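# Coordinate analysis (summary)
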Amino acid sequence: MPQTRPPSRAIISFMKGLPRALLFGASLSFALIALVPIVFWLAPEIAPPADRTWAVGASSAFALFASAMAIWWARRLPASSWLVAIIGWIVGFNLAIFIVEIVFVAFLSGR
C-alpha cells in the first residue's frame, strides 16, 4: 500500500485564505438576496401569494444578517493569493445562493 504524506506547509499556507474568500463571496450573495422585497415591490406580478409574504421578509432579514456576519468573520481570517480569493469568491457566491434558494423555496411551499 502506498504511503501518503501530509500536505506540505506551502499548500496549507496557500489555501489559508480560502475560508476568507468563501465568506466574502457569500456576503455579496446574501446582500443581493436581501434586495428581493424591492424586486417584488417593483414587479408585483411576480410576488408570492399574500399569505406567503412573511417568508419573503424572513428570508430577506436572514440574508441581510448573514451578509453582515460573513463580512464580520471574513475580516478576521488571514488572506492568501489572488487565485484563491477569486475562486473562493465565485464558489462562495454560488454556494450561498444555492443554500438560500433551498430555504426560500421550502418557506414558500408551505410544507
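Residues numbered from 1 in each chain as written. Predicted model: local features only at pLDDT ≥ 70, side-chain atom pairs only at ≥ 80, totals over all residues. Heavy atoms only, no water.

### Comments concerning the environment of Pro 19
Relative to the helices and strands, Pro 19 resides in helix H2 (residues 18-33). Residue classification places Pro 19 among the partly exposed residues on the basis of a relative accessible area of 40%. The spatial distance from the C-alpha of Pro 19 to the C-alpha of Val 84 is 9.5 Å, given a sequence separation of 65 residues. (Helix = DSSP H or I, 4+ residues; strand = E, 2+ residues; numbered from the N terminus. Buried < 20%, exposed > 50% of the residue type's maximum accessible area, 1.4 Å probe, protein only.)

### Describing the packing of aromatic side chains
For the structure on display, the rule yields 3 aromatic pairs. The interplanar angle of 25° and the centroid separation of 5.9 Å between the aromatic rings of Phe 24 and Trp 89 together place this pair among those described as stacked. Of this pair, Phe 24 sits in helix H2 while Trp 89 sits in helix H5 (residues 82-109), placing them 65 residues apart in sequence. Where Trp 72 meets Trp 73, the ring centres are 5.0 Å apart and the plane angle is 85°; that geometry is what we call edge-to-face. (Phe/Tyr/Trp six-rings, centres within 6.5 Å; stacked < 30°, edge-to-face > 60°.)

### Considerations on H2
Taking 1.5 Å of rise per residue, 16 residues should cover 22 Å, and H2 covers 22 Å from first to last C-alpha, within 8% of that figure. Residues of H2 that are buried include every one of Ala 21, Phe 24, Gly 25, Ala 26, Ser 27, Ser 29, Phe 30 and Ile 33, and no others. (Expected span 1.5 Å × (residues − 1).)

### Remarks on the environment of Val 103
Within the element layout of this structure, Val 103 appears in helix H5. As a C-alpha pair, Val 103 and Ser 59 span 44 residues in sequence and 8.1 Å in three-dimensional space.

### Brief notes about a nonpolar patch on the surface
On the surface, a nonpolar cluster with roughly 930 Å² of combined accessible area is contributed by Trp 54, Leu 83, Ile 87, Val 91, Leu 95, Phe 98, Ile 99, Ile 102, Val 103 and Phe 107. With 9 residues, the single largest contributor to the nonpolar patch is H5. Along the chain, Leu 95 turns up in helix H5. Of the residues examined, Leu 95 reaches a relative accessible area of 46% and is grouped as partly exposed. (Patch = residues over 30% accessible without salt bridge, like charges linked within 9 Å, V, L, I, M, F, W, Y side chains within 5 Å. Areas by Shrake-Rupley, 256 points an atom, 1.4 Å probe, with all protein chains shown as cover. Salt bridge = Lys/Arg side-chain N within 4 Å of Asp/Glu carboxyl O.)

### Focus on the nonpolar core
Ala 26, Phe 30, Ile 33, Ala 34, Ala 63, Ala 66, Ala 96 and Val 100 together form the largest nonpolar core, which totals 8 residues. Of all elements in the fold, only H2, helix H4 (53-74) and H5 reach the threshold of two or more residues within this core. Apart from the residues lying within four places of it in its own chain, the contact partners of Ile 33 are Ala 63, Ala 96, Ile 97 and Val 100. (Core = buried A, V, L, I, M, F, W, Y, C linked by side-chain atoms within 4.5 Å. Contact = heavy atoms within 4.5 Å.)

### Section: the confidence of the model for the protein
Per-residue confidence for the protein gives a mean pLDDT of 80, with 89% of residues at or over 70. The lowest-confidence element of the protein is helix H1 (residues 9-14), averaging 68 in pLDDT; the highest-confidence one is H2, averaging 87. (pLDDT = per-residue confidence, 0-100.)

### Regarding the side chain of Ser 60
For Ser 60, the position within the fold is in helix H4. The class of Ser 60 is buried, set by a relative accessible area of 12%. Within the structure, Ser 60 has its side chain in polar contact with the backbone oxygen of Ala 34 (distance 2.9 Å). (Polar contact = N/O pair within 3.5 Å; in protein donor to acceptor, adjacent residues only side chain to side chain.)

### Concerning H4
Relative to the 32 Å expected for 22 residues at 1.5 Å per residue, H4 spans 31 Å between its end C-alpha atoms, a close match to the ideal helical length. Buried within H4 are the following residues: Ala 55, Val 56, Ser 59, Ser 60, Ala 63, Ala 66, Ser 67, Ala 70 and Ala 74. The buried residues of H4 occupy one face: seen down the axis, they fall within an arc of 130°. Away from its buried face by more than 90 degrees, H4 exposes Leu 64 and Phe 65. (Arc of directions from axis to C-beta.)

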